[in-house]
Amino acid sequence: RGSSGLVEGSARFDVAVLRAGSMAVGVCAEVARLDGGGLAWVGLRNDGKLVRGKHGRPEAFGQPYKAGDVITVLMDKTRGFVAFAVNGEWVRNSAVKRKTQTR
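Cut-offs applied
Residues numbered from 1 in each chain as written. Predicted model: local features only at pLDDT ≥ 70, side-chain atom pairs only at ≥ 80, totals over all residues. Heavy atoms only, no water. Core = buried A, V, L, I, M, F, W, Y, C linked by side-chain atoms within 4.5 Å. Buried < 20%, exposed > 50% of the residue type's maximum accessible area, 1.4 Å probe, protein only. Helix = DSSP H or I, 4+ residues; strand = E, 2+ residues; numbered from the N terminus. Salt bridge = Lys/Arg side-chain N within 4 Å of Asp/Glu carboxyl O. Pairing = 2+ DSSP bridges. Contact = heavy atoms within 4.5 Å. pLDDT = per-residue confidence, 0-100.

**Here we look at the nonpolar core**
Within soluble globular proteins, side chains that are nonpolar tend to cluster in buried spots.
Part 1 of the argument: Counting 15 residues, the largest nonpolar core has Leu-44, Tyr-65, Val-82 and Phe-84 as its most contacted members.
Part 2 of the argument: Secondary structure elements with two or more residues in this core: strand 2 (24-28), strand 3 (41-45), strand 6 (70-76) and strand 7 (81-86).

**A few points about the pattern of salt bridges**
Part 1 of the argument: The full count for this structure, using the stated rule, is 5 salt bridges.
Part 2 of the argument: Between Asp-47 and Arg-45 there is a salt bridge; the shortest N-O distance is 2.4 Å.
Part 3 of the argument: Across the pair Asp-69 and Lys-66 runs a salt bridge, and its minimum N-O distance is 3.5 Å.

**Structural notes on the sheet that holds strand 5 (residues 59-60)**
Within a sheet, neighbouring strands are paired by backbone hydrogen bonds and run either parallel or antiparallel to one another.
Part 1 of the argument: Judged by pairing direction, the sheet is antiparallel, and its 4 strands sit side by side in the order 2-3-4-5 without closing on themselves. The sheet is open, and its two borders are formed by strand 2 and strand 5, each paired with just one other strand.
Part 2 of the argument: Relative to strand 4 (residues 49-52), strand 3 is paired through 3 bridges, and the arrangement is antiparallel. Bridging from a neighbouring strand, Leu-44 pairs with Leu-50 of strand 4.

**Considerations on the environment of Gly-26**
Part 1 of the argument: Take Gly-26: it is sitting in strand 2.
Part 2 of the argument: Counting along the chain gives 45 residues from Gly-26 to Ile-71, while the straight-line C-alpha distance between them is 9.4 Å.
Part 3 of the argument: Residues in contact with Gly-26, not counting those within four places in the same chain, are Phe-13, Val-42, Gly-43 and Phe-84.

**Focus: the confidence of the model for the protein chain**
Part 1 of the argument: Across the protein chain, pLDDT averages 79, with 74% of residues at or above 70.
Part 2 of the argument: Averaged pLDDT values for the elements of the protein chain fall to 65 in strand 9 (residues 96-97) and rise to 92 in strand 6.

Right under this line is the structure:
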């Protein structure tokens, strides 16, 4: 779990999946709780589905990932998108555009 914020520009980070289990790797707009609550967030679940917020319906997005895989997240606040890669291969078109303007 990271705690660094991105105010402007872009950032990229990698997550090494160490063990199997239900999880999502992604970013949030401001504050998110471990139970998935809080403000707007988007993540790639280990079953390959994209989730947006606590009550968002999972969308078919990519292939499942597992222990040993590396998930890359690219967030660009200027252009307003988040993209995901699994083991260096970008998922689909991968760019998830924001639906509303964030602060």
